[in-house]
Amino acid sequence: MTSLETSSEASVSRPFHILALSGGGFRGLYAATVLKCLEASLGAPLARSFDLLCGTSAGALLALGLACEIPAADLQSMFEVDGKRIFGSRSWLRRLLNGYIFAKHSAAGLRSVLRDRFGETTIGELRHRILVPTVNYVSGKSQIFKTPHAKNFEMDHRVSVLDIALATTAAPTYFPLHRIGDNGVFADGGLVANSPGLFGWHEAVRFLNAAPEDVRVLAVGTMTVGATIRGAAGYDRGILGWGKKLFDLVISAQESSTDAMLRHILSDRYYRIDDLATPQQCRDISTLDRVSAASTRVLKDRGTLAAQRALGDLQFASFRGHTPKSPKFFYGPNKKSEDTPC
């Protein structure tokens, strides 16, 4: 590698495929359903079709699960079957205060569900590249957890998948902040990149030396509801007036900006699977933590239809049949020496 090269791999002219999974709380069931259908169609673990997996918040749970090669059907079950465990850890005090003083939910249920799936697995044990945005509240800056796929990524490989999952899902007012040892105190990655495709594109071009014209991004949303103001609403708002609506607005505005920029950068090399909820369906899935028979039906039905639509779309065809180059990791159990072929 010459001094002019800043990436971890030699430049090659070949497609570089990124899967980017958005956050959205229980609405992650929609994305999980899409992934289940895509994986069934491809006939192999979905991670084997992508060079980089990116996920934020609920999307990170899915991306990390895929990187562990947990079947997408099991990840769908994590939301559908265990949704009430995740969003059900509410003492009488938490129910009474409803997120105004303490987080609405304890992290105990989420931690239990994730431990069942991930155990003590560390990032360094993953065999697929991963990127997970969070916000480090100690520094007040974004912090992106990654597999050790570049020489200067020396520390993340020691961190457990469980800790990273709890960090990126620590949504303000919904879940408590999460501390990872001496690394800091973390808040939801949705504050900085609820739709992580742009971060994935930067990672591919800057650190993995993918040619910009070779990068393709498949983004999967969580049934965008959008955060808008009613015509009769007041404009002069304080803390109580904004409440949880502020976080919803942040992630809604972010998603639309990321979507627009990726369309400009990638044109037809960007494909997004998502749906706008109808006014009737918004009643069932309007909040990130609404777990009910009605929300489950809406998210699964719309996810299945979205996957069916994508699989029949000629633009989606470019994501079929891709076999990534085996990644090189510089640290951890999957470390490869400079002489080890990828």
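Let me sum up the structure you'll find in this document. (Residues numbered from 1 in each chain as written. Predicted model: local features only at pLDDT ≥ 70, side-chain atom pairs only at ≥ 80, totals over all residues. Heavy atoms only, no water.)

Another point: the overall build of the protein chain. Tallying secondary structure elements over the protein chain gives 13 helices and eight strands in all. In summary, the protein chain has a C-alpha radius of gyration of 19 Å against a globular reference of 20 Å for 342 residues, a match within 12%. By residue count, 50% of the 342 residues in the protein chain fall in the buried class. Considering only contacts in the protein chain between residues 6 or more positions apart, those separated by 24 or more positions represent 76%. Carbon and sulfur atoms make up 54% of the accessible area of the protein chain, which totals about 15,500 Å². Separation between the mean location of the 40 positive side-chain charges and that of the 32 negative ones in the protein chain comes to 5 Å. (Helix = DSSP H or I, 4+ residues; strand = E, 2+ residues; numbered from the N terminus. Rg over C-alpha atoms; globule rule 2.2 N^0.38 Å. Buried < 20%, exposed > 50% of the residue type's maximum accessible area, 1.4 Å probe, protein only. Contact = heavy atoms within 4.5 Å. Areas by Shrake-Rupley, 256 points an atom, 1.4 Å probe, with all protein chains shown as cover. Lys, Arg positive; Asp, Glu negative; His and termini not counted. Charge placed at Lys NZ, Arg CZ, Asp CG, Glu CD.)

Let us look at the pattern of salt bridges. This structure, assessed with the given rule, holds 13 salt bridges. Note that E255 and R272 form a salt bridge whose closest N and O atoms lie 2.9 Å from each other. Of this pair, E255 sits in helix α11 (residues 245–266) while R272 is found in strand β8 (residues 270–273), placing the two residues 17 residues apart along the sequence. R272 carries the same exposure label as E255, and that label is buried. Put simply, D82, R85, D116 and R117 are held in one network by salt bridges that share partners. (Salt bridge = Lys/Arg side-chain N within 4 Å of Asp/Glu carboxyl O.)

Here we come to the packing of aromatic side chains. Scanning all chains against the criterion turns up six aromatic pairs. In textbook terms, an aromatic cluster arises when at least three aromatic residues are bridged by ring pairs, as seen for F50, Y271, F316 and F319. For R206, the ring lying beneath its charged end belongs to F207, and the centroid distance is 4.9 Å. (Phe/Tyr/Trp six-rings, centres within 6.5 Å; stacked < 30°, edge-to-face > 60°. Lys NZ or Arg CZ within 6 Å of the ring centre and 35° of its normal.)

Counted residue by residue, strand β1 (residues 16–21) has six buried out of six residues, so it is predominantly covered. Burial along β1 is two-sided: F16, I18 and A20 and H17, L19 and L21, pointing in opposite directions, are all buried. Here β1 runs beside strand β7 (residues 215–220); their pairing, made up of six bridges, is parallel. Pairing of F16 across the sheet is with V215, part of β7. (Pairing = 2+ DSSP bridges.)

The next thing to look at is unusual backbone geometry. A positive phi is found at S57, a non-glycine position, where the angle reads about 55 degrees. The topology assignment puts S57 in the loop between β2 (52–55) and α2 (58–67). On the accessibility criterion, S57 (7% relative accessible area) is buried. With a phi close to 55 degrees, N209 is a non-glycine residue in the positive phi region. A residue is classified by how much of its surface remains accessible, and N209, at 21% relative accessible area, is partly exposed.

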